[in-house]
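# A structural walkthrough
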Amino acid sequence: MKLSYFAWVRERIGKSEEEIELPSHVATINDLLGWLKGRGEEYAHAFEHAEVVRAAIDRRHARPETSIAGAREIAFFPPMTGG
Amino acid sequence: MTLSASEIERYARHLVLREIGGPGQARLAAARVLVIGAGGLGSPLLQYLAAAGIGGIGLIDDDVVSLSNLQRQVIHGTGDIGKPKTNSVAAALERLNPHVRYEPHETRLTAKNARELVRGYDIVADGSDNFDTRYAVSDACFYEKKPLITAALGVFDGSLTTIRAHERRPDGSLNPTYRCLFPTPPPPGAVPACAEAGVLGALAGVIGSLMAIEVVREIVGFGEGLVGRLLMVDTRSMRFETVSYGWDEHNPLSGERARSVE
């Protein structure tokens, strides 16, 4: 599965995208966020306020409880505030 | 509305477009647009709206120009430092297009005054720099039934979407609200602010100009706008991507609970 990151989530993780193999217990966006947080300090920092980070499955916005079964690409994008 | 000879020449490159033409230019001249913030986004936005011949442009900003603004807030100049932004914008718009009626509101938009401020306009463009204002503007636009173009900047990133939450899609379903995408404001400090994180100057020019295109599109009506789509621009790697989003039954404005209260 391809993961892509935007704005300060990407700045904190240090990469725009990556290909990953997910363990089978990761079933929803929320599960994925929890799993990513355990991948290292940079991920923990990026998803420190995971509840404000939004996700899109195959370019379609999805709520945290949404199943990721069959997804080809999941994007994470946070709110920004600069003007 | 009849255009004078000098207006016909001024707007010639829009008048020749089949998508704008005389009727579109008349709509622009009749439109009243409220811009929130004369910062990085507001700078190009205000200039392109004035140049396009928008009839009435309101601006809400309670800030003064500071030296560190000038790296990206290109509507202000070195000589404007210390002056209210509403003043330097007045001079810039007058220079660009004397046909524009400019209405400065040297005040801060809050949840209390937001509805009254947006009520007098046809369309709202939010280029503010904080979440309190963003949520207050988007809620006010929902209740006052005003289209909203809302954009934001990160360090290398921008985002842009159009909200027409008071209207329905052709299939009868409701258009999404801003809160369908970003349900609640992030806790203070969770999202880095430009002042600490920095921001690439010309990025503000890109996103503010895209806002101007969306405002003109919503007034004139051509092509496909950004209702139900969030455009994300990543200038670190030059990725332009859109994510679609829909009405969320949990949203507090037009969601199931809000509707059952009605």
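Let us look at the structure shown here. Note that the coordinates shown come from a computational prediction; the quantities given were computed from them, not determined experimentally. (Residues numbered from 1 in each chain as written. Chains lettered and ligands numbered in written order. Predicted model: local features only at pLDDT ≥ 70, side-chain atom pairs only at ≥ 80, totals over all residues. Heavy atoms only, no water.)

Turning our attention to the nonpolar core. Grouped together as the largest cluster of nonpolar side chains are 56 residues, with contacts concentrated most on Tyr5, Val9, Phe47, Ile74, Phe76 and Phe77 of chain A. The element best represented in this core is helix α7 (residues 131–144) of chain B, accounting for seven residues. Contacts of Phe77 of chain A, omitting those with residues within four sequence positions, involve Phe6, Val53, Arg54, Ala55, Ala56 and His61 of chain A together with Leu181, Phe182, Leu230, Met232 and Val243 of chain B. One finds Leu28, Leu46, Val89 and Val220 of chain B within the second-largest nonpolar core, a separate group that totals 40 residues. (Core = buried A, V, L, I, M, F, W, Y, C linked by side-chain atoms within 4.5 Å. Buried < 20%, exposed > 50% of the residue type's maximum accessible area, 1.4 Å probe, protein only. Helix = DSSP H or I, 4+ residues; strand = E, 2+ residues; numbered from the N terminus. Contact = heavy atoms within 4.5 Å.)

With that settled, consider the environment of Ser67 of chain A. Residue and element names in this part refer to chain A. With respect to the element layout, Ser67 can be found in the loop between β4 (60–62) and β5 (73–77). Sequence separation of Ser67 and Ala56 is eleven residues, and the distance between their C-alpha atoms is 11 Å. Among residues more than four places away in sequence, those in contact with Ser67 are Ala27, Thr28 and Ile57.

Moving on, we get to the interface of chain A and chain B. Across the contact, 27 residues belong to chain A and 41 residues belong to chain B. For the pair chain A and chain B, the two sides together bury roughly 2,800 Å², of which 57% comes from carbon and sulfur. Ranking the residues of chain A by area buried against chain B places Met80, Thr81 and Gly83 of chain A at the top, with a combined share of 25%. Counting the contacts that link chain A with chain B gives six salt bridges. In this assembly, chain A and chain B are joined by 22 residue pairs in polar contact (both at pLDDT 80 or more). When residues of the side of chain A that touches chain B are traced back to their parent elements, those giving at least two are β1 (2–5), α1 (7–13), β3 (54–57), β4 and β5 of chain A. By residue number, the principal contributor to the side of chain A that touches chain B is α1 of chain A, which donates five residues. Taken together, the residues that form the side of chain A that touches chain B break down as ten nonpolar, seven polar and ten charged. (Buried area = accessible area lost by both parts, 1.4 Å probe. Salt bridge = Lys/Arg side-chain N within 4 Å of Asp/Glu carboxyl O. Polar contact = N/O pair within 3.5 Å; in protein donor to acceptor, adjacent residues only side chain to side chain. Nonpolar A, V, L, I, M, F, W, Y, C, P; charged D, E, K, R; others polar.)

Okay, the pairing of β1 of chain A next. Residues and elements named next belong to chain A. Here β1 pairs with strand β2 (residues 17–19) via three bridges, running antiparallel. Note that in β2 the partner of Ser4 across the bridge is Glu17. The pairing of β1 with β5 spans four bridges and is classified as parallel. Bridge pairing in β5 links Lys2 to Glu73. (Pairing = 2+ DSSP bridges.)

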